[in-house]
Amino acid sequence: MRDTRPIGSSDVRRTALDVTDALLVYCLKITALSLLAAASLQAAATIVAHMVGMQPSSVPRIGVDFRDWLGTALLSPLLESVLVWAAGSLTRSMTRAVWTPSLLIGLAAGVLHGAIHPAWFFGPAASFTVFAWAWLRWRDAGRSRHFLILLVPHMLQNIAVLLLQVLADRF
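A few points on the structure. Keep in mind the model is a prediction, meaning the values are calculated, not measured.

### Looking at the overall build of the chain
In step 1: When its secondary structure is counted, the chain shows six helices and zero strands.
In step 2: Traced from its N-terminal end to its C-terminal end, the chain shows the element sequence α-α-α-α-α-α.
In step 3: Expressed as a percentage of the 171 residues in the chain, the buried residues total 36%.

### Considering the nonpolar core
In step 1: Among the nonpolar cores identified, the biggest contains 22 residues, and Tyr26, Ile30, Val84, Ala134, Trp135, Ile149 and Leu150 are the most heavily contacted of them.
In step 2: Of all the elements in the fold, those that place two or more residues in this core are helix 2 (23–51), helix 3 (66–94), helix 4 (99–116), helix 5 (122–137) and helix 6 (143–170).
In step 3: Per element, the largest residue contribution to this core is eight residues, and it comes from helix 5.
In step 4: Ignoring any residue separated from it by four or fewer positions in sequence, one finds Ile149 in contact with Leu23, Tyr26, Cys27, Ala134, Trp135 and Trp138.

### A closer look at helix 4
In step 1: Taking 1.5 Å per residue, 18 residues should reach 26 Å; helix 4 reaches 26 Å between its end C-alpha atoms and fits that length.
In step 2: Inspection of helix 4 places Pro101, Ser102, Ile105, Gly106, Ala109, Gly110, His113 and Gly114 among the buried residues, and these make up the whole buried set.
In step 3: Where helix 4 is buried, its residues touch helix 3 and helix 5.

Analysis parameters
- Numbers given to residues run from 1 along each chain, matching the order in which its sequence is written.
- Selection of residues for local features in this predicted model requires a pLDDT of at least 70, selection of side-chain atom pairs for listing and counting requires 80 or more, and totals for whole chains, interfaces and linings are taken over all residues.
- Note that water and hydrogens are dropped before the side-chain values are worked out from all heavy atoms of the structure.
- In DSSP terms, a helix is any run of H or I states spanning at least four residues, a strand is any run of E spanning at least two, and both are numbered starting from the N terminus.
- We call a residue buried when its accessible area falls under 20% of the maximum for its residue type, exposed when it is over 50%, and partly exposed in between, using a 1.4 Å probe and counting protein chains only.
- Grouping buried Ala, Val, Leu, Ile, Met, Phe, Trp, Tyr and Cys residues that are joined through side-chain atoms within 4.5 Å yields what is termed a nonpolar core.
- In what follows, residue pairs with any heavy atoms lying within 4.5 Å of each other are defined as contacts.
- Here a helix's expected span is defined as the number of its residues, less one, multiplied by 1.5 Å.

And the structure:
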């Protein structure tokens, strides 16, 4: 028989993001949260554009050969994580706040990605906000763990986007 009890506070605590989670579990939760945030913001922006009569251009395709995968799944996240690390370290020296620096880093990432193509603003803005927020929450966890909080979810997200593109091309 199926359990039909309402969701309780202990259920929420088991799935909530917490800095006491193991590093891999935390990275997987951050990846899921960043994918959800990026997809939601991208979908909302597309809906609003259609409502006001704009026809948004399609998002440029990423190549699917080995070099493109290497660049998208490893090199770009590595470089961008270093940039977020630098921006986060700068803001961390000025404030202990988490949300404001996270939003500013997300906005900057969205603008930089949007300079390549306007449709690339929304997803990266949401994702980098989540990445920066997670990184700033783990600010005292040690440098190598700290950097992995930025790098691993970003790499996993880029891999997921590439896999979705491959699947969309197949079907």
